[in-house]
Amino acid sequence: MKKLLLLTIVFFAFTGCKKSEKNASYVASTSWTAGIAQMAGIDDVKSIAPANLKHPPEYEITPMDILAVSEAELFIFAGYERMMETISNAAEVDKSKIIKIKTANTLQNIKEMTMILSEKAGTQEKAKKRVSQFENLILETRKKIIQNGLDKKTCYVNKNQAEFAKDLGLNVVATFGPAPLTAEQIAFAAENQFDYIIDNVHNPVAAPAAEVSPNSKILIWRNFPSKNEPNALYKVVEENCKSLL
């Protein structure tokens, strides 16, 4: 950490803290926070952690990243990212431009977080349209879940996907993870023979449960977009819903 801070100081000394034309006006810690910002109508948001990482919060920040954060109109983070300790200690970063949001793909959370961000960025009209599209996706999925009787199916769900699963109206009997399953949890899966086992692609641990419950349908859902592209978060949620239906 000390070495990185020293490199950052040296980097700024040589650059004279000049603005970089390549840096985005809005910067987010990961593709998830960037995706929520995009849902809020912020199109020029840059993700510090590469979107293709399996576990973006563990990304090690660089001096160039510190420069991007320092130049941003707004820096958006979730609070669990490893990079935040370095950013918090960087004197170059204006702390008044740092905003913390909750990362959850539930309809209520998306509405709340996009309202906060769109008010900061002045993008309320674009946010309204995008959140409306997202709401239609969730409401239609909830409707299809009930029509197909999936709300009666038993689900064993990774904790990092449980909030979203409940929001869709699924019957989440119990959760597991994010740590590897214990012997008790594996025995629990064997005893209950769940209709669905839903794991998290960013840290999958459900394989032992799937082995002892061979008739369970296994779903592996995503939270973080794997690409920085238009409608990135919407596409993630849409794919999760499609895999269920």
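In the block above lies the structure referred to throughout.
No experiment lies behind these values; they were computed from the predicted model shown.

Draft legend 1. Local environment of the overall build of the chain. Along the chain, the regular secondary structure elements total 10 helices and 8 strands. Referenced to the eigenvectors of the C-alpha coordinate spread, the extents of the chain come out at roughly 65 × 45 × 25 Å. Expressed as a percentage of the 245 residues in the chain, the buried residues total 49%. A sequence separation of at least 24 residues applies to 59% of the contacts in the chain between residues at least 6 apart.

Draft legend 2. Expanded view of empty space enclosed by the protein. A full pass over the atoms with the stated rule returns 1 cavity of 30 Å³ or more. Size it by volume and the largest cavity reaches roughly 50 Å³. Residue lining of the largest cavity: Gly-35, Gln-38, Met-39, Arg-130, Asn-231, Ala-232, Leu-233 and Tyr-234, and that is the complete set. Residue assignment for the lining of the largest cavity shows that the elements contributing at least two residues are α2 (31-39) and α10 (232-244). Taken together, the residues of the lining of the largest cavity break down into 4 nonpolar, 3 polar and 1 charged.

Draft legend 3. Local environment of the packing of helix α6 (residues 124-147) against α10. Following both chains from N to C, one finds α6 and α10 inclined at 10 degrees, their axes separated by 11 Å at the closest point. Taken together, α6 and α10 sit at an angle that is classed as roughly parallel. Contacts between α6 and α10 involve Gln-133, Phe-134, Leu-137, Ile-138, Thr-141 and Ile-145 from the former and Tyr-234, Val-237, Glu-238, Cys-241 and Leu-244 from the latter.

Draft legend 4. Region of interest: unusual backbone geometry. Between Gly-177 and Pro-178 the backbone carries a cis peptide bond, its omega angle lying at 0 degrees. With a phi angle near 45 degrees, Gln-193 is a residue other than glycine that sits in the positive phi range. In this fold, Gln-193 is placed in the loop between α8 (183-192) and β7 (196-200). Since its relative accessible area comes to 33%, Gln-193 is described here as partly exposed. The phi dihedral of Asn-231 falls on the positive side, at around 60 degrees, and the residue is not glycine. On the secondary structure map, Asn-231 appears in the loop between β8 (217-221) and α10.

Draft legend 5. Spatial organisation of the sheet that holds strand β6 (residues 171-176). Reading across from one edge, β6-β5-β7-β8 is the order of the 4 strands in this open sheet, with parallel pairing throughout. Looking at which strands have only one partner, the edges of the open sheet turn out to be β6 and β8. On average, each strand axis in the sheet is tilted by 25 degrees relative to the strand beside it, whichever way the strands run. Note that strand β5 (residues 154-158) and β6 share 5 bridges and pair parallel. Counterpart to Tyr-156 in the pairing with β6 is Ala-174. In this fold helix α7 (residues 159-168) packs onto β5, β6, β7 and β8, with an angle of close to 140 degrees to the strand it touches most, β5.

Draft legend 6. Examining the environment of Lys-144 more closely. Secondary-structure assignment places Lys-144 in helix α6. Overall, Lys-144 belongs to the partly exposed group, its relative accessible area being 34%. Note: C-alpha distance between Lys-144 and Pro-204 (60 residues apart in sequence) is 27 Å.

Draft legend 7. Examining the pairing of β7 more closely. In terms of burial, β7 is a largely internal element, 5 of the 5 residues being buried. Here β7 pairs with β8 via 5 bridges, running parallel. Within β8, the position partnered with Asp-199 by the bridge is Ile-220. Once you follow β7 into helix α9 (residues 207-212) and on to β8, the crossover reads as right-handed.

Draft legend 8. Expanded view of the packing of aromatic side chains. What the rule picks out here adds up to 7 aromatic pairs. Centre to centre, the rings of Phe-75 and Phe-77 are 6.3 Å apart; their planes meet at 5 degrees, and the pair counts as stacked. Neither Phe-75 nor Phe-77 differs from the other in exposure class; each is buried. Where Phe-188 meets Phe-194, the ring centres are 5.6 Å apart and the plane angle is 50 degrees; that geometry is what we call tilted. For Phe-188, a relative accessible area of 29% corresponds to the partly exposed category.

What counts as what
Along each chain, the written sequence defines residue order, and numbers are assigned to residues from 1. Confidence filtering applies because this is a predicted model: local features only for residues at pLDDT of at least 70, side-chain atom pairs given and counted only at 80 or more, and all residues used for totals across whole chains, interfaces and linings. To get the side-chain values, all heavy atoms of the structure are used, and hydrogens and water are removed first. Helix numbering and strand numbering both begin at the N terminus, where a helix is a DSSP run of H or I of at least 4 residues and a strand a DSSP run of E of at least 2. In this scheme, a residue with accessible area under 20% of its type's maximum is buried, one over 50% is exposed, and one in between is partly exposed, where area comes from a 1.4 Å probe on protein chains only. In this analysis, two residues are considered to be in contact whenever any of their non-hydrogen atoms come within 4.5 Å of each other. Cavities and pockets were defined on a 1 Å grid built from protein atoms only: a cavity is a group of points that admits a 1.4 Å probe but offers it no way out, a pocket is an open group of points flanked by protein on both sides within 12 Å along at least five of seven lines, and a lining residue is one with an atom within 4 Å of any such point. Grid points are joined across faces, edges and corners, and a volume is the space filled by probe spheres set on the points. Think of it as three bins: nonpolar holds Ala, Val, Leu, Ile, Met, Phe, Trp, Tyr, Cys and Pro, charged holds Asp, Glu, Lys and Arg, and polar takes everything else, Gly as well. For every element, the axis is a line fit to its C-alpha atoms; helices are fit only across the contacting stretch, and the angle between N-to-C directions ranges from 0 to 180 degrees. When an angle is under 35 degrees it counts as roughly parallel; over 145 it counts as roughly antiparallel; between 65 and 115 it counts as roughly perpendicular; any other value is oblique. One bridge is not enough; two strands pair if DSSP finds at least two bridges between them. Look down the strands so they point away from you; if the path from the first strand over the helix to the second goes clockwise, the crossover is right-handed. Side-chain rings of Phe, Tyr and Trp (the six-membered ring for Trp) are treated as a pair once their centres are within 6.5 Å; stacked means planes under 30 degrees apart, edge-to-face means over 60, and tilted covers the remaining angles.

Any functional reading would require information beyond the geometric quantities listed.
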